[in-house]
Amino acid sequence: MALRVVTRNLGSRLLPMLSSTSLLHSHATSFGFKEVPEEEKSQLVSNVFSSVAKNYDLMNDLMSGGLHRLWKDRLVSKLNPFPGMKHLDVAGGTGDVAFRILDTVNSIKRRALQDVLEDDLQEETRIYVCDINPNMLNVGKKRALERGYPDKSLLWVEGDAEALCFEDSTMDGYTIAFGIRNVTHIEKALAEAYRVLKRGGRFLCLELSHVDIPVFKEFHSSNRGTGSR
């Protein structure tokens, strides 16, 4: 597992990496063990997630031994959510990370903000769940209704990480869990993340890293092609 926390004020280091010279790339990209044309990757990823949307969490349980739940808990703790925040969770269609963020915000309000009207704080908190796959978003919306989450706090957006529909400097936080590997042009997604974050905003990426232990390495490699986030 690789867990990275980056603040927007590190932009002076990041921007040179996102310059026009660094955007040069080949016209082939990876999809599992295969090299595929860049224009085909988005459709291949979409097909995979359309087929596994309803069983996505079960798939992650099998591939990570259930550890993905602990990793997501840690991701949210590193984010340090707060009432009234504007947050963007990319490639999070099923709501798994967004629900954790909202639960943390609600917990903080109950403990430390009892003198503030809950409805006022709830209206200010906005968690945008952005996913390129509508089937994943539908699963998330259904789960939100089943769990009784308020509509005004969770907003579901069908969109591309490489071309976000949000304005500049509008987000306090940005998370992407097990999604960066499915982006065709990662440098474009990073540039978009930097663009929408406020100064001092937090960028957190959760992703599986290379495994060195032989037994686990073989298991991990054999499952890379499934498209898991």
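Counting restarts for each chain, with residues numbered from 1 along the sequence as it is written. Since the coordinates come from a predicted model, pLDDT governs what is reported: local features require at least 70, and pairs of side-chain atoms require 80 or more to be given and counted, while whole-chain, interface and lining totals use all residues. As a convention, hydrogens and water are excluded, and side-chain values are obtained from all of the structure's heavy atoms.

Under the annotation held in an unreviewed UniProt entry, the protein chain carries the name 2-methoxy-6-polyprenyl-1,4-benzoquinol methylase and is attributed to Citrus sinensis.

**Digging into the confidence of the model for the protein chain**
Of the residues in the protein chain, 58% have a pLDDT of 70 or more, and the chain-wide mean is 74. A residue's pLDDT is the confidence the predictor assigns to it, expressed on a 0 to 100 scale. Each helix corresponds to a stretch of at least 4 residues labelled H or I by DSSP, and each strand to a stretch of at least 2 residues labelled E; elements are numbered beginning at the N terminus. Mean pLDDT per element in the protein chain: helix H1 (residues 11-14) is the minimum at 40, and strand E4 (residues 86-90) is the maximum at 98. In this description, contact between two residues means that some pair of their heavy atoms is separated by no more than 4.5 Å. Between residues 1-34, whose pLDDT stays under 50, and residues either more than four places distant or in other chains, the model counts 73 contacts. Of the regions scoring below 50 in pLDDT, residues 219-229 engages in 34 contacts with residues more than four places distant in sequence or in other chains.

**Things to note about the packing of aromatic side chains**
Note on aromatic contacts: the rings of Phe and Tyr and the six-membered ring of Trp form a pair at centre separations within 6.5 Å, being stacked when their planes are under 30 degrees apart, edge-to-face when over 60 apart, and tilted otherwise. Counted under the stated rule, the structure contains five aromatic pairs. When the centroid spacing of 6.4 Å and the interplanar angle of 75° are considered together, the rings of Phe99 and Trp156 count as edge-to-face. Here the residue Phe99 occupies a position in helix H5 (residues 96-112), and Trp156 occupies one in strand E6 (residues 154-158), the gap between them amounting to 57 residues. Only protein chains enter the accessibility calculation, which uses a 1.4 Å probe. A residue is then buried if its area is under 20% of the maximum for its type, exposed if over 50%, and partly exposed in between. The exposure class assigned to Phe99 is buried, which follows from its relative accessible area of 2%. Ring centres of Tyr128 and Phe166 lie 5.2 Å apart, and the angle between their planes is 65°; this geometry places the pair in the edge-to-face category. Remark: Phe166 occurs in the loop between E6 and strand E7 (171-177) and Tyr128 occurs in strand E5 (residues 126-131); sequence separation between them is 38 residues. Like Tyr128, the residue Phe166 is buried in the burial classification. An aromatic cluster of three or more residues is present, and its members are Phe99, Tyr149 and Trp156.

**Section: the pairing of E4**
Burial within E4 is extensive, with four of its five residues counted as buried. For two strands to be treated as a pair, DSSP must find no fewer than two bridges joining them. Across five bridges, the pairing between E4 and E5 is parallel. Considered in E5, the bridge of Asp89 is made with Val129. Bridge count for E4 against E7 is four bridges, and the pairing is parallel.

**So, helix H4 (residues 67-79)**
Each turn of an α-helix holds 3.6 residues, which means side chains three or four residues apart point in the same direction. Its 13 residues give H4 an end-to-end C-alpha distance of 19 Å, which sits within 8% of 18 Å, the value for a rise of 1.5 Å per residue. For H4, the complete set of buried residues consists of His68, Trp71, Lys72, Leu75, Val76 and Leu79. Each buried residue of H4 lies within a common arc of 140° when the element is viewed along its axis, so the set occupies one face. With its phi angle positive at about 60°, Asn80 sits one or two positions after the end of H4. Given a helix with a known number of residues, its expected span is that number minus one, times 1.5 Å. Here the arc refers to the set of directions running from the helix axis out to each C-beta atom.

**Considerations on unusual backbone geometry**
Positive phi outside glycine occurs at Asn80, with the angle close to 60°. Along the chain, Asn80 turns up in the loop between H4 and E4. Look at Asn80 and you get exposed, because its relative accessible area is 52%. The residue Ala91 is not glycine, and still its phi comes out positive at about 60°. Relative to the elements of secondary structure, Ala91 occurs in the loop between E4 and H5.

**Let's talk about the environment of Ala189**
By the secondary structure assignment, Ala189 is in helix H8 (residues 186-196). Residue class for Ala189 comes out buried when judged on its relative accessible area of 1%.

**Notes on the pattern of salt bridges**
Any carboxyl oxygen of Asp or Glu that lies within 4 Å of a side-chain nitrogen of Lys or Arg is treated as forming a salt bridge with it. Tallied over the entire structure, the rule returns seven salt bridges. A salt bridge links Asp96 to Arg100; the nearest nitrogen and oxygen atoms lie 3.0 Å apart. Of the two residues, Asp96 and Arg100 both sit in helix H5, four residues apart, roughly one turn of that helix. Note on accessibility: Asp96 and Arg100 belong to one class, buried. The salt bridge involving Glu192 is made with Arg195; its shortest N-O contact spans 2.8 Å.

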